[in-house]
Amino acid sequence: LPIPVFLKDREGRFVRFNRRFQELSQRPRREILGRRIEDFASRGWTGITQHEDAQAWATRRMITSERRLTNVDPPVDLLVNRIVIKSGGQSYLLGFSIDISEQRAARDAMQRAVESAQAASRAKSEFLANMSHEIRTPMNGVMGMVDVLQHTPLEPRQKRMLKTIQDSSSSLLNILNDILDFSKIEAG
C-alpha cells in the first residue's frame, strides 16, 4: 500500500506494519517489530500517540488527528487514523495514515491570503477614514464661511456663486459619506 499501515497489540507493541510505515519511521524492521512507540520515537510523538491509542481502545471508535513528521525531508503532514479491530479472536489497534501535505499547504496558503485580504481591507478603510477627515476639515471651513457670507449684503450674482459653492460642498460631503458607508459595508 502507498500509505503507512500498522497493527499493535493491547500492550502497544507493533505486531505488523507495511514498508511505507517503516520508511517514514526511518528504522529497520527489527527496531520496530515487537516494540512500543516509546522505544524509538521522540517524547512528544510518544505522548500524543499513547493518548490517541488509549482513546481508541477506550471508545472503540476511529480516532483521527493531524501530525507532522519533521524527521523526513521534506516534512510530511499526515492524517493519522486508528481504530480497534478483532482478528482471530484477538483485539488489535489498526492504524493508517494519509499524506495531507498538499492539502495543508493549500489550506495554509488560503489562510495567508485571507489574512492578507483582511489587512488590505483594514488599510483601505483607515486610508479612507483619514482622507475623509483631511477633506472634511477644510470643507467644513468652506461651508462655515459660506454660511457667514449668506448673512451679509450680496449682489444677485454673488448669491448665485455662493449657492454654487454651497451645493458643490454639500455634494462633495455626501459623496464622502457614501464612500465611507460603502467601505464599512465592504469591510464588515
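This section reports on the structure supplied with the text. (Residues numbered from 1 in each chain as written. Predicted model: local features only at pLDDT ≥ 70, side-chain atom pairs only at ≥ 80, totals over all residues. Heavy atoms only, no water.)

### Details of the pairing of strand β4 (residues 76-87)
Point 1. Judged from the seven bridges that link them, strand β3 (residues 63-69) and β4 form a sheet pairing that is antiparallel. From the neighbouring strand, S65 faces β4, where its bridge partner is V80.
Point 2. Turn length for the β3-β4 hairpin, with the two strands adjacent in sequence and antiparallel, is six residues.
Point 3. Pairing geometry for β4 and strand β5 (residues 90-99), over 10 bridges, is antiparallel. Looking across to β5, one finds that N81 is bridged to F96.
Point 4. Linking two consecutive strands that pair antiparallel, namely β4 and β5, is a turn of two residues; a positive phi of about 60 degrees is found at G88 within it. (Pairing = 2+ DSSP bridges. Helix = DSSP H or I, 4+ residues; strand = E, 2+ residues; numbered from the N terminus.)

### Re the sheet that holds β3
Point 1. Taking strand neighbours across the sheet as the criterion, the five strands line up as β2-β1-β5-β4-β3 in an open arrangement whose pairing is antiparallel. With one partner strand each, in any of the chains shown, β2 (14-17) and β3 form the two edges of the open sheet. Direction aside, the axes of adjacent strands within the sheet are offset by 25 degrees on average.
Point 2. With three bridges joining them, strand β1 (residues 5-8) and β2 adopt antiparallel strand pairing. Considered in β2, the bridge of K8 is made with F14. (Axes fitted to C-alpha atoms, helices over the stretch in contact; angles between N-to-C directions.)

Function cannot be inferred from these measures alone, as they are strictly geometric.
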